[in-house]
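Architecture and fold: a report
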Amino acid sequence: MRKFRFLIIKVTITSLFFTFFQLNFSNAETNLCKIENNKLWTKLPHGLGFPRPENRLPNKGTLNFKVLFAKSSGSTVANEKSAEDLYKKLQPEIVSSFYNQVSNGSVQKIQFEPYYSWIEFDKLESLKDAAGDEIKLVEAEWRTFVSKTLETAEPQIDFTKSDGVMIILDPNSSYLRLGYGLTDEYTVDGKKLSSVVLLGRAYVQVGLRSPYLVIHELGHLFGLPDLYSFQDSTDTVDYFSIMNKAAVGGIGYFGWERFILGWLDDPQIICHKAGEVAGNLVPLTKANGLKMIAVPISSSQVLVVENRTKEGIDKMIPNPGIIAYVVDSSIEGGKNPIKVLNNKKPIKIGSSFVYDNVKIEVLKKKGKNNVKVSVS
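Residues numbered from 1 in each chain as written. Predicted model: local features only at pLDDT ≥ 70, side-chain atom pairs only at ≥ 80, totals over all residues. Heavy atoms only, no water.

Turning to the nonpolar core, a few remarks are in order. Tyr-99, Phe-112, Leu-218, Tyr-253, Trp-256 and Tyr-325 are the most contacted members of the largest nonpolar core, which totals 64 residues. Top element by residues in this core is helix H6 (residues 210-222). It accounts for seven residues. Residue contacts for Tyr-99: discarding those within four places in its chain leaves Val-107, Ile-110, Ile-215, Leu-218, Gly-219, Phe-222, Tyr-253 and Trp-263. Formed by 26 residues, the second largest nonpolar core is a distinct cluster that contains Ala-70, Tyr-186, Leu-193 and Leu-198. (Core = buried A, V, L, I, M, F, W, Y, C linked by side-chain atoms within 4.5 Å. Buried < 20%, exposed > 50% of the residue type's maximum accessible area, 1.4 Å probe, protein only. Helix = DSSP H or I, 4+ residues; strand = E, 2+ residues; numbered from the N terminus. Contact = heavy atoms within 4.5 Å.)

This paragraph deals with the state of the cysteines. Within this structure, the stated rule accounts for one disulfide. Covalent S-S linkage joins Cys-33 and Cys-271, the inter-sulfur distance amounting to 2.0 Å. Judged by the torsion about the S-S bond (95 degrees), the Cys-33/Cys-271 disulfide is right-handed. Taken together, the residues span a long stretch of sequence, with Cys-33 in the loop between helix H1 (27-30) and strand E2 (61-72) and Cys-271 in strand E9 (residues 269-271) at a distance of 238 residues. Overall, the relative accessible area of 0% leaves Cys-271 in the buried class. (Disulfide = S-S within 2.5 Å.)

Here we come to the packing of helix H3 (residues 92-102) against H6. At a minimum axis separation of 9 Å, H3 and H6 run at an interaxial angle of 45 degrees. Taken together, the axis directions place H3 and H6 in an arrangement best described as oblique. Considering the relative orientation of H3 and H6, their crossing is right-handed. Of H6, the residues touching H3 (which contributes Ile-94, Val-95, Phe-98 and Tyr-99) are Pro-211, Tyr-212, Val-214, Ile-215, Leu-218, Gly-219 and Phe-222. Taken together, the residues of the contact of H3 with H6 break down into 10 nonpolar, one polar and no charged. (Axes fitted to C-alpha atoms, helices over the stretch in contact; angles between N-to-C directions. Parallel < 35°, antiparallel > 145°, perpendicular 65-115°, else oblique. Left-handed = near helix turned anticlockwise from the far one by under 90°. Nonpolar A, V, L, I, M, F, W, Y, C, P; charged D, E, K, R; others polar.)

Moving on, we come to the pattern of salt bridges. Per the counting criterion, the structure on display carries 10 salt bridges. In this structure, the salt-bridge partner of Glu-185 is Lys-192, at a minimum N-O distance of 3.9 Å. Exposure remark for Glu-185: the relative accessible area of 35% places this residue in the partly exposed category. Here Lys-335 makes a salt bridge to Glu-332, at a shortest N to O gap of 3.8 Å. The class for Glu-332 is partly exposed, based on a relative accessible area of 40%. Ionic contacts of the salt-bridge type, sharing partners, join the residues Glu-306, Arg-308 and Asp-314 into one network. (Salt bridge = Lys/Arg side-chain N within 4 Å of Asp/Glu carboxyl O.)

We now examine the side chain of Ser-195. On the secondary structure map, Ser-195 appears in the loop between strand E7 (191-193) and strand E8 (196-199). Those residues in contact with Ser-195, other than ones at most four positions away along the chain, are Arg-56, Leu-57, Phe-65, Asp-163, Gly-164, Val-165, Leu-182 and Leu-221.

With that settled, the discussion passes to the sheet that holds strand E4 (residues 164-169). In spatial order, the strands read E3-E2-E4-E8-E5; together these five strands make up an open sheet with mixed pairing. Strands at the two margins of the open sheet, each flanked by one partner only, are strand E3 (107-121) and strand E5 (179-182). Adjacent strand axes in the sheet meet at a mean angle of 20 degrees when their direction is disregarded. In terms of strand pairing, E2 meets E4 through six bridges, oriented parallel. The residue bridging Phe-65 from the neighbouring strand is Gly-164, located in E4. (Pairing = 2+ DSSP bridges.)

Turning our eyes to something else, we now look at the environment of Tyr-203. Note on placement: Tyr-203 falls in helix H5 (residues 202-205). Sequence-wise, Tyr-203 and Leu-86 are 117 residues apart; in three dimensions their C-alpha atoms are separated by 8.7 Å. Not counting the four nearest positions on each side in its chain, Tyr-203 is found in contact with Leu-86, Tyr-87, Lys-89, Leu-90, Ile-168, Ser-210, Leu-213 and Val-214. Reaching out from Tyr-203, the side chain makes a polar contact with the backbone nitrogen of Leu-90 at a distance of 2.8 Å. (Polar contact = N/O pair within 3.5 Å; in protein donor to acceptor, adjacent residues only side chain to side chain.)

Turning next to unusual backbone geometry. Here the residue pair Phe-50 and Pro-51 is connected by a cis peptide bond, since its omega of -5 degrees sits within 30 degrees of zero. Tracing the backbone shows Pro-51 in the loop between H1 and E2. Positive phi, close to 60 degrees, is recorded for Asn-342, a residue that is not glycine. Turning to its location among the elements, Asn-342 is positioned in helix H8 (residues 341-344). Phi at Lys-344 is positive, roughly 65 degrees, even though this residue is not glycine. Within the element layout of this structure, Lys-344 appears in helix H8. With relative accessibility at 23%, the residue Lys-344 sits in the partly exposed group.

Attention now moves to the environment of Phe-112. Tracing the sequence through the fold places Phe-112 in strand E3. The sequence separation of Phe-112 and Val-67 amounts to 45 residues, and the corresponding C-alpha distance is 6.5 Å. Residues in contact with Phe-112, not counting those within four places in the same chain, are Phe-65, Val-67, Tyr-87, Leu-90, Pro-92, Val-95, Met-166 and Leu-218.

An α-helix turns once every 3.6 residues. As a result, residues three or four positions apart point the same way. Compared with the 18 Å implied by 1.5 Å per residue over 13 residues, the 19 Å span of H6 between its first and last C-alpha is a close match. Among the 13 residues in H6, 13 count as buried, and that is most of the element. Taken from the residues just after H6, Gly-223 is the one with a positive phi, measuring 120 degrees. (Expected span 1.5 Å × (residues − 1).)

Encoded structure:
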């Protein structure tokens, strides 16, 4: 297995000569790559630009989620044992470990507190699946359901120290199939909560992949959008982010997703506007070192080069190596806002790829891998 561990990256822009070194990199230079979210969006719950949407999950510390269970009245299958069995499918240690690793320790732990008493509704059949613009047609029903669930649970549960709530629906009495990260604001115990995960039948249907479905939905609550297409089967990302492949283990986040969530520091990023730059790219799964070279293209677009290897939370990536992708913060989630270049494949050693005025070459010299990016 070929691993890209010690890489020299060279970026050349012919209009101006300038060099940035990894250890002398400032906030001002990083700001050159901080593309803006679409200012026309209102109440933006997630995006790939700056500033980070408000009222999202904290990006550090220990996070607390209350786990509730809801069923239709008359369901004889839903009992305390069945609630415990549903909770075990969550495998909370996997979810917590993922975020501890992908955040480089910023998220110390995600703590789940299950309450096994089922909250009953006359029927759950009215909860409909939806995506994209269709959500507007059903969000009132979803909001009413969440409000009633929290209202019923409030007398027995203290939400004052909660960062979010997870509601698992009885798969035998619910017509809701998918999972959703909801960002409406609710007030319980005098505390405002705007992070709710709603889990339908897919939570059970995906089997051992249930934790990764939950990880994907929590990504929305941190502020990340869906990277796949709601309209068709168009895939511009492949297996490079769990925000694209919702219930697949062994996939982490893009470096850019980590960056906007505050999980990469300035010395780990080179934002290059013009001139020439060199540095050693290390895999995203490593704790330290240079993780990304980013070239701003416009106020809403940035080209990113990073190193992905089959290890840690990225162990199931089928095509490891140096990849390049374009982020467009003006594109909403569900409409392919990230596009991995080179046909979604890493750039092979000894070959090159050109995007617009950017040429990326991956070379091997004296036993070391060398990456050269020329922008002209």
